[in-house]
Amino acid sequence: MDRISELSDDVLQRILYFLSQKDAVRTSVLSKSWREIWCTRPNLDLSDTNFKEEFLSTVDKTLQRYCDQRMCLEKFRLSISLDYSDLKSVWFLEKWIRTLPNMGVKEFRLSIYSKDSRRRRQRRVNLPFLVFEAESLQDLNVEGFTLDRTTIERNILSKHLKKLSLEKVKIEDGVFQKIISSCPLIETLSLKSCKTLRNIKVNNLLRLKKFYFSSSPDEKCSIEIHPASLETINIEYADVSLPKGAEFRNLNSLFMESVKLSSFDHFSSCKFPSLDNLVISNCDGLDESIEESHVFIDAPNINTFEYHGLLIPSFSFATTSRQWSSTLSLFLVDAPSLWLLKLHKLLESLTPSEISLSIWQSLDINAEDIFKENHDLVQAIKGGNKPTVVVDKLKLQGYLSYFSALSNGLFSICRPRTIGEINYTDTESVLKNLMQREGGNQDELRQLWLPDLKEVSLEIYDKNRNEWDPTSLSDLPDYEVWKYISTRFALKWRENL
């Protein structure tokens, strides 16, 4: 006996709620009682990419059925292609949007795209202001529309809107500010590729918890942000202004990529008592002198810190009693003055953490010249018996013809426990270089660290056991182009004086 089919329509609709649109439609062939159930479930996810024909009529009939039977539609996701001459689709789209305020929609995701953006112009459609008058609406995600002054020609007030996401939306600053000032309960705000936005101020969103912004390198936007309620900030390609001395007491995660801070003094004066994760990637302003671009980070509960960039900045952190980790990814693309000095100071500032250091080397760099100019530095470190910094993981990537120069300079200022990401075909030459004690290239820099190196061993990664195992050159499997084999070198050093 088919007991499931005997369940009430409400129960069947709730079951289909958790299925994808495609799987929900498939249930229509199970029995007569299932034939129309998918058309009345409380969530719809419709895209013209899943329809071979009659998409407009199918959507229109489905929505009309909801209206006629006065059924609630909790989640409605609609994706439709619109090219410049497609007036029919625009007419239907505007009709469907006008029905939403009376359907109890809580989550509405609407996307416009062009089937062939290389040959056709995508038609821009104004988003009707009625969307913001849907009292039940809590989550609005809009892609490809235009939000102009006609959208806010009436005094809109979205009493329950908590999430707002705009992607590839054409919107002016004034329109954007009017919208967010009319949505006081927004907790999540996401702005992606909205090229016409130039200035964003979200300080009046007192309940804002998550803020996401991304643009392109040629479309910079100025952002002022300081709601005390913020828990997550993720910004790419923007100029960011933080008030001096501000306290982000709830901020847990801060991600900045290609961001230009208006003032490093202001950033250094801010307090981040709850910050757990901090990522700074390719941000402007860190290429000044060490003194001018020094950044103090007051985050006593930091757990993970990451920095990626071409230049070596100067950071310092507030004292913390907890264990934390730092990851540095540096690109050696030119011959900056005092490269090792800057790196040494940065590593020293991170010594309370477990450090992972990755260095990408360009083909055109003569690493020998860089480390020769720092010869006095490493001699001073050694002569002064300064404890060298322990680096848990060192990764050397790129062209390794200057591995000897790289290792000489790096080993003079830090002590890596492991060295990984070496090209598999370079494993033998690198191992011989590390183990070489006499003869060959025994320059002064090498003699500064070589006596402290007690042991070098080769390890191979077992992906089935998720562990590193000791091995030898003779036991390594043969190299195959399409077979990835991961090896690393484990180093044991004499304890620092």
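You'll find the structure just up there.
Notes on the structure in this doc start here. (Residues numbered from 1 in each chain as written. Predicted model: local features only at pLDDT ≥ 70, side-chain atom pairs only at ≥ 80, totals over all residues. Heavy atoms only, no water.)

Focus on the side chain of T232
Here's step 1: Among the structural elements, T232 can be located in strand β12 (residues 232-241).
Here's step 2: With a relative accessible area of 16%, T232 lands in the buried category.
Here's step 3: Aside from chain neighbours lying at most four places away, what touches T232 is K209, K210, F211, Y212, L251 and S253. (Helix = DSSP H or I, 4+ residues; strand = E, 2+ residues; numbered from the N terminus. Buried < 20%, exposed > 50% of the residue type's maximum accessible area, 1.4 Å probe, protein only. Contact = heavy atoms within 4.5 Å.)

As for the packing of aromatic side chains
Here's step 1: One pass over the structure, following the stated rule, counts 14 aromatic pairs.
Here's step 2: Judged by centre distance (5.8 Å) and plane angle (40°), the rings of F92 and W96 are tilted. With F92 and W96 both in helix α4 (residues 87-99) and 4 residues apart, this pair spans about one turn of that helix. Across the pair, exposure class does not vary: F92 and W96 are buried alike.
Here's step 3: Chaining the aromatic ring pairs together yields one cluster made of F305, Y307, F315, F317 and W324. (Phe/Tyr/Trp six-rings, centres within 6.5 Å; stacked < 30°, edge-to-face > 60°.)

What to know about helix α10 (residues 403-411)
Here's step 1: In terms of burial, α10 is largely enclosed, as 9 of its 9 residues are buried.
Here's step 2: Three or more residues of α10 are buried, namely F403, S404, A405, L406, S407, N408, G409, L410 and F411.

What to know about helix α3 (residues 55-68)
Here's step 1: An ideal rise of 1.5 Å per residue puts 20 Å on 14 residues; α3 measures up with 20 Å between its terminal C-alpha atoms.
Here's step 2: Of the residues making up α3, those classed as buried are F55, L56, V59, D60, T62, L63 and Y66. Mapping the buried residues of α3 onto a view down its axis gives an arc of 165°, with all of them on the same face. The exposed set on the far side of α3, more than 90 degrees from its buried face, consists of K61 and D68.
Here's step 3: Remark: R70 follows α3 within two positions and exhibits a positive phi of approximately 50°. (Expected span 1.5 Å × (residues − 1). Arc of directions from axis to C-beta.)

Some details on the pairing of strand β24 (residues 487-493)
Here's step 1: Burial analysis of β24 places 6 of its 7 residues in the buried class, which makes it a mostly covered element.
Here's step 2: For strand β21 (residues 414-420) and β24, the ladder comprises 3 bridges, and the chain directions are antiparallel. Residue pairing in the sheet places G420 in a bridge with R488 of β24.
Here's step 3: Pairing geometry for strand β22 (residues 453-462) and β24, over 7 bridges, is antiparallel. Of the residues in β24, the one forming a bridge with E455 is K492. (Pairing = 2+ DSSP bridges.)

Let's talk about the pattern of salt bridges
Where charged atoms from two side chains of opposite charge approach closely, those side chains can pair.
Here's step 1: Enumeration according to the criterion identifies 17 salt bridges in this entry.
Here's step 2: A salt bridge links E428 to K432, with the nearest nitrogen and oxygen atoms 2.9 Å apart. Taken together, the residues E428 and K432, both in helix α11 (residues 427-435) and 4 residues apart, mark about one turn of the helix.
Here's step 3: We classify E428 as partly exposed; its relative accessible area is 42%.
Here's step 4: Between R488 and E459 there is a salt bridge, and its shortest N-O distance comes to 2.7 Å. In this pair, R488 is assigned in strand β24 and E459 in strand β22, connecting sequence segments 29 residues apart.
Here's step 5: When its relative accessible area of 18% is taken as the criterion, R488 is described as buried.
Here's step 6: A relative accessible area of 13% places E459 in the buried class.
Here's step 7: A single network of salt bridges, built from pairs that share partners, joins K75, R77, E107, R109 and D139. (Salt bridge = Lys/Arg side-chain N within 4 Å of Asp/Glu carboxyl O.)

Here we look at the packing of α10 against α11
Here's step 1: Taken N-terminus to C-terminus, the directions of α10 and α11 make an angle of 45°; their axes are 11 Å apart at the nearest point. When the interaxial angle is binned, α10 and α11 end up oblique. Crossing handedness for the pair α10 and α11: right-handed. Where α10 abuts α11, its residues F403, S404, S407 and F411 lie against V430, N433 and L434.
Here's step 2: Per-class residue counts for the contact of α10 with α11 are 4 nonpolar, 3 polar and no charged. (Axes fitted to C-alpha atoms, helices over the stretch in contact; angles between N-to-C directions. Parallel < 35°, antiparallel > 145°, perpendicular 65-115°, else oblique. Left-handed = near helix turned anticlockwise from the far one by under 90°. Nonpolar A, V, L, I, M, F, W, Y, C, P; charged D, E, K, R; others polar.)

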